[in-house]
Amino acid sequence: MTLTYKAVARQDTRRVPGRGRLLAYGATGLLALLVLLTVSVSTGEMDLPASTALRALVGLGDAGDVLVVQEFRAPRAVAALVAGAGLGAAGCVLQRLFRNPLASPDVMGVTGGASLGAVALLAAGASQLLVPVGALAGGMLAALLLGVFAWRSGLPVTRLVLTGLAVQAGLAAAVNLMIVRFPAELAGSALQWVTGSVYGRTWTEVWGAGAAVLLALAAALVTHRRLAVLDLGDDSAGALGLNTSAARLQLLLVAVTLASLAAALAGPVTFVALAVPHIVRFLTGPPTAATLVLAALTGAVLLLAADLVVQHLLPIEGLPVGAATATLGAPWLLVLMFRQSSPVRGSGA
């Protein structure tokens, strides 16, 4: 048999179960996203009719309405969309790569690294515009630490996850130490990079992060085909000609880039990357390259909806979106851990 890993990858690309279901899910997600975007630009301290807000979004109508919509509401909404898409796709890649439903940028230390990079620049007195760059560099640093610490054993799944937990804990401790030593006037600025928020985003930040996330998503779609081969196990994948360690590192780099870009824009928002792959898998079936796009769409919808909730439905003014998603993520993580441990107990392993 002359089957190669490229042939297996092509089979995974053609294996799109329930095409109609995928299209229906995608159409529903796009509709939900459009509705949420409309609500985002229409509501606030001064509510606007949807038609007025949409006209203001394209520069038509009253100058005050245009200013409010274009400079304050729209950048925040699009920032949530971009960050959510990056987190959703990153979680999808990581969970399939590690074959572990608990894998996410939070577990792998990426969000801790992003927080450390941002807070370190704030502590050094850098411009606020450079802070997202520090967050991106910090996420990459976490990935580098993860690779270095796990390299000796050939990057097996279990060691990567455990090493990621250790890296996340160490980076979080470093962030807390910096904040404790912060001057009082910097503590508020640092809060965003500890909890996660899309408040105060500008079009410059949004367009830069949006373009980078699109490029990273394209890279994820290209490299995602190798996941079909890794699904067979390292021995089988190696027998088909795939360098498993190199492939895993490439996929890990793509996922970390997506998560780091999201963290650079919105801070270390939790729960989204963990939950999205489960939602998509439950609604659409086994993962394929098509579901990666749906994961990005679902992440965008989920984070934008969460931001609307903290803005308009919760009684606490100024609550960052990361605090709300973390509150949802804690019980979700407990449920996942319980479901993971139940088969083990039942099997007697």
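This section reports on the structure supplied with the text. (Residues numbered from 1 in each chain as written. Predicted model: local features only at pLDDT ≥ 70, side-chain atom pairs only at ≥ 80, totals over all residues. Heavy atoms only, no water.)

Check the secondary structure of the protein chain and you find 16 helices and zero strands. Counting every position in the protein chain, which comprises 349 residues, the buried fraction comes to 48%. By sequence separation, contacts in the protein chain at least 24 residues apart represent 76% of the contacts at least 6 residues apart. (Helix = DSSP H or I, 4+ residues; strand = E, 2+ residues; numbered from the N terminus. Buried < 20%, exposed > 50% of the residue type's maximum accessible area, 1.4 Å probe, protein only. Contact = heavy atoms within 4.5 Å.)

Unlike most non-glycine residues, Phe 271 shows phi in positive territory, near 75 degrees. Its location among the elements puts Phe 271 in the loop between helix H13 (244–266) and helix H14 (272–284). Owing to a relative accessible area of 9%, Phe 271 belongs among the buried residues under this scheme.

Counting through the fold element by element, Leu 48 comes out in the loop between helix H2 (19–42) and helix H3 (50–57). With residues near it in sequence (within four places) discarded, Leu 48 still touches Val 41, Ser 42, Ala 53, Asp 65, Val 69 and Arg 73.

At a closest axis distance of 9 Å, the pairing of helix H10 (residues 203–223) and helix H15 (residues 289–312) adopts a crossing angle of 155 degrees. Between H10 and H15, the interaxial angle falls into the category roughly antiparallel. You can see that H10 and H15 cross each other, and the crossing is right-handed. Every residue of H15 that contacts H10 at Leu 217, Ala 220 and Leu 221 is listed here: Ala 289, Leu 292, Val 293 and Ala 296. Residue composition of the contact of H10 with H15, by class: seven nonpolar, no polar and no charged. (Axes fitted to C-alpha atoms, helices over the stretch in contact; angles between N-to-C directions. Parallel < 35°, antiparallel > 145°, perpendicular 65-115°, else oblique. Left-handed = near helix turned anticlockwise from the far one by under 90°. Nonpolar A, V, L, I, M, F, W, Y, C, P; charged D, E, K, R; others polar.)

This part takes up helix H4 (residues 63–98). Turn by turn, an α-helix covers 3.6 residues, leaving residues three or four places apart pointing in a common direction. For H4, built from 36 residues, the straight-helix expectation of 52 Å at 1.5 Å per residue is met to within 8% by its first-to-last C-alpha distance of 51 Å. Buried residues dominate H4, accounting for 27 of its 36 residues. Backbone nitrogen of Gly 64 and a side-chain oxygen of the N-cap are separated by 2.9 Å at the start of H4; the cap is Asp 62. Phi turns positive one or two residues past the end of H4, at Arg 99, with a value near 50 degrees. (Expected span 1.5 Å × (residues − 1). Polar contact = N/O pair within 3.5 Å; in protein donor to acceptor, adjacent residues only side chain to side chain.)

Left-over empty space is what a probe sized like a water molecule reveals as it rolls over the atoms. In this structure, the second largest pocket encloses a volume near 440 Å³. In this structure, the second largest pocket is lined by 22 residues; those nearest its centre are Leu 81, Val 82, Ala 85, Leu 214 and Leu 217. Within the lining of the second largest pocket, the residues separate by chemical class into 21 nonpolar, one polar and no charged. (1 Å grid on protein atoms, 1.4 Å probe; cavity = no way out; pocket = protein on both sides within 12 Å on 5 of 7 lines; lining within 4 Å. Points joined across faces, edges and corners; volume = space filled by probe spheres on them.)

Taken as a whole and assessed by the stated rule, the structure comprises two salt bridges. For the salt bridge of Arg 76 with Asp 307, the shortest nitrogen-to-oxygen distance reads 2.9 Å. On the criterion of sequence distance, the pair formed by Arg 76 in helix H4 and Asp 307 in helix H15 is long-range, its members being 231 residues apart. In terms of burial, Arg 76 and Asp 307 fall into one category: buried. As a salt-bridge pair, Arg 201 and Glu 205 come within 2.9 Å of each other at their nearest N and O atoms. (Salt bridge = Lys/Arg side-chain N within 4 Å of Asp/Glu carboxyl O.)

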